[in-house]
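# Working through the structure, step by step
This is what each chain is made of:
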Amino acid sequence: MYDLDQVLSLQHNPVACAIPFFLLSIVLEIAAMTWLDDDGVASGGKPRTGYLSRDFWASISMGLGSIFWLTLFKVLTFFLYQWVYLNVAPFQWGTGSVAYWVAAMLALDLAFYCTHRFVHEHNIGWAAHQSHHSSEYMNFGTALRQKWNPWFDLVFFLPLPLLGFAPWTLYVCFSVNLVWQFFTHTELIGKLPRGFEFVFNTPSHHRVHHGSDEIYLDRNYAGILIIWDRMFGTFQEEIQRPTYGLTYKVDTYNTFKLEYAAFGVLLRQVWGAATWRDRWGYVWGPPGWAPAEQAEAEKQPAA
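The name given to the protein chain in an unreviewed UniProt entry is Sterol desaturase family protein, with the source organism recorded as Nocardioides jiangxiensis. What UniProt records for the protein chain under Subcellular location (unreviewed entry) is the sentence "Endomembrane system".

The next thing to look at is the environment of Phe196. With respect to the helices, strands and loops of the structure, Phe196 is situated in helix α10 (residues 194-199). According to the relative accessible area criterion, Phe196 is partly exposed, its value standing at 33%. A sequence separation of 29 residues divides Phe196 from Leu225, and the C-alpha atoms of the two residues are 9.9 Å apart. Sequence-distant contacts of Phe196, defined by excluding residues within four places in its chain, comprise Trp180 and Thr202.

Formed by 17 residues in total, the largest nonpolar core has its most connected members in Tyr100, Ala104, Leu108, Phe157, Leu160, Phe165 and Phe174. Those elements that place two or more of their residues in this core are α3 (53-87), α4 (98-121) and α9 (167-182). Broken down by element, the residue count for this core peaks at 6 residues, all from α4. When sequence neighbours within four positions are dropped, the list of residues in contact with Leu160 reads Ala107, Leu108, Ala111, Phe165 and Leu170.

In this section: the packing of aromatic side chains. All told, the structure shown has 31 aromatic pairs when counted by the stated rule. Where Tyr100 meets Phe165, the ring centres are 5.7 Å apart and the plane angle is 50°; that geometry is what we call tilted. Placement of the pair is Tyr100 in helix α4 and Phe165 in the loop between α8 (159-162) and α9, with a sequence separation of 65 residues. Per residue, the accessibility class of Tyr100 equals that of Phe165, and both read buried. With centroids separated by 5.0 Å and ring planes inclined at 15°, the aromatic side chains of Phe140 and Phe182 adopt a geometry described as stacked. In this pair, Phe140 is assigned in helix α6 (residues 140-143) and Phe182 in helix α9, connecting sequence segments 42 residues apart. Taking relative accessible area as the criterion, Phe140 reaches 8% and is therefore assigned buried. Three or more aromatic residues joined by ring pairs make a cluster, and in this case those are Phe118, Phe152, Phe156, Trp280 and Trp284. Its end group placed over the ring of Phe235, Arg230 keeps NZ or CZ at 4.0 Å from the ring centre. Lying over the aromatic face of Trp276, Arg279 brings its terminal NZ or CZ to 4.5 Å of the ring centre.

What counts and how
Residues numbered from 1 in each chain as written. Predicted model: local features only at pLDDT ≥ 70, side-chain atom pairs only at ≥ 80, totals over all residues. Heavy atoms only, no water. UniProt positions renumbered as here; feature names shortened; annotations may be inferred. Helix = DSSP H or I, 4+ residues; strand = E, 2+ residues; numbered from the N terminus. Buried < 20%, exposed > 50% of the residue type's maximum accessible area, 1.4 Å probe, protein only. Contact = heavy atoms within 4.5 Å. Core = buried A, V, L, I, M, F, W, Y, C linked by side-chain atoms within 4.5 Å. Phe/Tyr/Trp six-rings, centres within 6.5 Å; stacked < 30°, edge-to-face > 60°. Lys NZ or Arg CZ within 6 Å of the ring centre and 35° of its normal.

This is the structure in structure tokens:
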């Protein structure tokens, strides 16, 4: 029922193979920012954010931690996905054709869009995901600033084995998806040819996603294909250089605070809520949700 070789192979994936290229890309990006004769100016005529050592090392430590949690997540969910694939799925696709892999990549990419949108639009998901957006710098190092709480992915990826996609192939597709996303975290690459920008997630599109400007909030959730955002109304063109980071000042480089402080805030809000309706709102409402009375009071000018 369970192939031990497949379980063990989850640790040997495209992301692991790509790590040396990630590190090389970071070195080259730093060198380019240091030596290119363009005054360090990004699109929009403003200086690039570059690198800050404390911020970079926070990203590295968060990336190392995410390797552990993501591997644990993969191993645990593999058994569930495999059981669904073998016992519940009405049919199983053969994995030996190019068509299968194209379909699997498309299905996985759509599932990624859905889970990514969920964690941005609901407090409980945002508490886990906000750590990835906590840097005010946009560079390849920021791509490594990954969340340690990937548990919501389970729900959104579960339909895929139910549709007959072999679980081990989904993990390969997911790894390829993550490798693609790494290279969208940079200010060194401007806009690419129009046809490419129309179909694929690019650095320009992903800079928008990391922007805290009001026009850029909750936009461009794509993994590989930006067409999902175009189809579902969440696309935003890059029209000015974004202001990166969260909508509030973080003021810490402590890895554990970056990963878990938002959960502490959420727990205090739920504990202090006056009604169960308010508790539901704090957990499942959008980031920044507050009871109507409190939200109205905060809009009033101070006496």
